[in-house]
Amino acid sequence: MPDVVILATGGTIAGAAATGTQSGYTSGQVTIDAMVNSVPGLTKLANIKGEQISNVGSQDMSFEIMLLLAKRINELAAGKTVSGVVITHGTDTMEETAYFLNLVSKTDMPVVLVGSMRPSTAVSADGPLNLYNAVAVAADPNAKGRGVVLVMNDWIHSAQTLTKVSTTAVQTFMSPIRGLIGTTSYGINDFYRYPDQKFCLTSEFSAEGVTKLPRVDIIYADVDMPADLIDASVERGAKGIVIAGVGNGNMPKAALEACARASKKGVIVVRSTRVATGTVGRNVECNDDELGLIASYNLNPQKSRVLLSVALLKPRTLEELQKIFIEY
Ligand code: GLU
């Protein structure tokens, strides 16, 4: 049987409530051993070893914990005895962690994030079957070379495409535009495609020796937004700013002027979008060349922030950064 390591970080999948039907609960209450023991048949899919990395609701996920995960994945990959890794994680910030690990994991073995929308104590808890399917994907040689994926509710998403779309529904993750990597049903996997952008072994980024990431702020655009938030971010020492723009990464004139001021001071400004699907293109409704701005292309604000934080670990020109946003 393949060896699969589960790195547990917390989240609703490890959450518990006093009764099976109450909406209030606390994330990160159940240990990885208890989780593994609660899933019938799991140990028939793979030899499983669990490691508790943290036990937090993913609203408290941090770059510090993400760096620990990256380090552990790279150690396991270098050991060459493990077939795949599963990471249990809260769903709120799963897209940030999945995307970060897709940039800095030096491996082609499957790395599978999994969570649940209902706590372990709920009626119809979704965690156990999600965990079963996640281990089945991590143990599958066919999952190799597909980068970091997320398995929930029978769907296999790439870290590059997935996004959380519902606060409470079990079907909360979608992969708009590019679509799913595959599906899984009671441990039987069906793969459709490989991710088409750079990731893992083709990624130029590394977390080796990194202890802290540069400050990058996200600022949300809307009607009459206060442009001085952008100046304030620069004053507070941000090295990068991501605008969650309206439409195709747009913002009011005053905000655009503040972005150009920030760029002149050497702060990297990325135009992303608050819209759920579609790309943000360069020089569409504003002149990025003149203003010194970057277009986020496929990345939403939270993933843009992760990419920019990692990219700014070393000095890069605006041209290099724009290329990175197109390629990753
Ligand atoms: N806030 C929780 C978390 O992200 C709830 C979301 C979940 O795990 O489903 O950990």
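Above this text you will find the structure in question.
Definitions and limits used
- Residues numbered from 1 in each chain as written.
- Predicted model: local features only at pLDDT ≥ 70, side-chain atom pairs only at ≥ 80, totals over all residues.
- Heavy atoms only, no water.
- Phe/Tyr/Trp six-rings, centres within 6.5 Å; stacked < 30°, edge-to-face > 60°.
- Helix = DSSP H or I, 4+ residues; strand = E, 2+ residues; numbered from the N terminus.
- Buried < 20%, exposed > 50% of the residue type's maximum accessible area, 1.4 Å probe, protein only.
- Arc of directions from axis to C-beta.
- Contact = heavy atoms within 4.5 Å.
- Polar contact = N/O pair within 3.5 Å; in protein donor to acceptor, adjacent residues only side chain to side chain.
- Pairing = 2+ DSSP bridges.
- Axes fitted to C-alpha atoms, helices over the stretch in contact; angles between N-to-C directions.
- Near = heavy atom within 4 Å.
- 1 Å grid on protein atoms, 1.4 Å probe; cavity = no way out; pocket = protein on both sides within 12 Å on 5 of 7 lines; lining within 4 Å.
- Sits in = over half its atoms within 2 Å of the grid points.
- Nonpolar A, V, L, I, M, F, W, Y, C, P; charged D, E, K, R; others polar.
- Parallel < 35°, antiparallel > 145°, perpendicular 65-115°, else oblique.
- Left-handed = near helix turned anticlockwise from the far one by under 90°.

Draft legend 1. Main features of the packing of aromatic side chains. With the rule as written, the count across this model stands at two aromatic pairs. On the basis of an interplanar angle of 50° and a centroid distance of 6.3 Å, the ring pair of Phe63 and Phe100 is categorised as tilted. A residue pair is termed long-range when its members are at least 10 positions apart, and Phe63 in helix α3 (residues 63–79) and Phe100 in helix α4 (residues 94–104) qualify at 37 residues. Grouping residues by exposure puts Phe63 and Phe100 together as buried. Each ring, one from Phe205 and one from Tyr328, has its centre 4.9 Å from the other, and the planes form 50°; the classification is tilted. Here Phe205, found in the loop between β10 (188–191) and β11 (216–220), pairs with Tyr328, found in the segment after α10 (318–327); they are 123 residues apart in sequence, far enough to count as distant. For the pair Phe205 and Tyr328, a shared accessibility class is recorded, and that class is buried.

Draft legend 2. The arrangement of helix α6 (residues 228–235) in detail. Within α6, burial applies to Ile230, Asp231, Ser233 and Val234. Looking straight down α6, one finds its buried side chains confined to an arc of 155°; they lie on one side. Turned more than 90 degrees from where α6 packs its buried face, Asp228 and Glu235 sit exposed. The secondary structure elements touched by the buried residues of α6 are β11, β12 (240–245) and α7 (253–264). Just past α6, the residue Gly237 takes up positive phi, approximately 95°.

Draft legend 3. The environment of Arg72, seen in detail. Mapping Arg72 onto the fold places it in helix α3. Residue Arg72 is classed as partly exposed on the basis of its relative accessible area, which comes to 21%. For the pair Arg72 and Glu290, spaced 218 residues apart in the sequence, the C-alpha separation amounts to 43 Å. There is a polar contact of 2.8 Å between the side chain of Arg72 and the side chain of Glu75.

Draft legend 4. Structural detail: the sheet that holds strand β4 (residues 111–114). The sheet built from eight strands is open, its strands ordered β2-β1-β3-β4-β5-β6-β9-β10 with mixed pairing. Of all strands in the sheet, those with a lone pairing partner are β2 (47–56) and β10, marking the two edges. The average undirected angle you get between the axes of adjacent strands in this sheet is 25°. Relative to strand β3 (residues 84–88), helix α5 (residues 127–138) is tilted by about 155°, and along the sheet it contacts β1 (3–10), β2, β3, β4, β5 (148–152), β6 (155–158), β9 (182–185) and β10.

Draft legend 5. Representation of the side chain of Ser54. In this structure, Ser54 sits in strand β2. On the basis of relative accessible area, Ser54 is assigned to the buried category, the value being 12%. Reaching out from Ser54, the side chain makes a polar contact with the backbone oxygen of Thr9 at a distance of 2.9 Å. Among residues more than four places away in sequence, those in contact with Ser54 are Ala8, Thr9, Gly10 and Ile65.

Draft legend 6. Region of interest: the site of the ligand. Near the ligand there are twelve residues, and of these Thr12, Ser58, Gln59, Thr91 and Asp92 occur at the shortest range. Interatomic distance of 2.6 Å between a side-chain N/O atom of Thr91 and an oxygen atom of the ligand. A distance of 2.6 Å separates a nitrogen atom of the ligand from a polar side-chain atom of Asp92. Judged by the fraction of its atoms near the pocket grid, the ligand is located in the second largest pocket. Of the residues in the shell around the ligand, the class split is two nonpolar, nine polar and one charged.

Draft legend 7. Geometry of the packing of helix α9 (residues 301–311) against α10. Closest axis-to-axis distance for the α9/α10 pair is 11 Å, and the angle between their directions is 135°. Here α9 lies oblique to α10, going by the angle between them. The interaxial crossing formed by α9 with α10 has right-handed handedness. Along its contact with α9, which presents Ser304, Leu307, Leu308 and Ala311, the element α10 presents Leu321, Ile324 and Phe325. For the contact of α9 with α10, the per-class residue count stands at six nonpolar, one polar and no charged.

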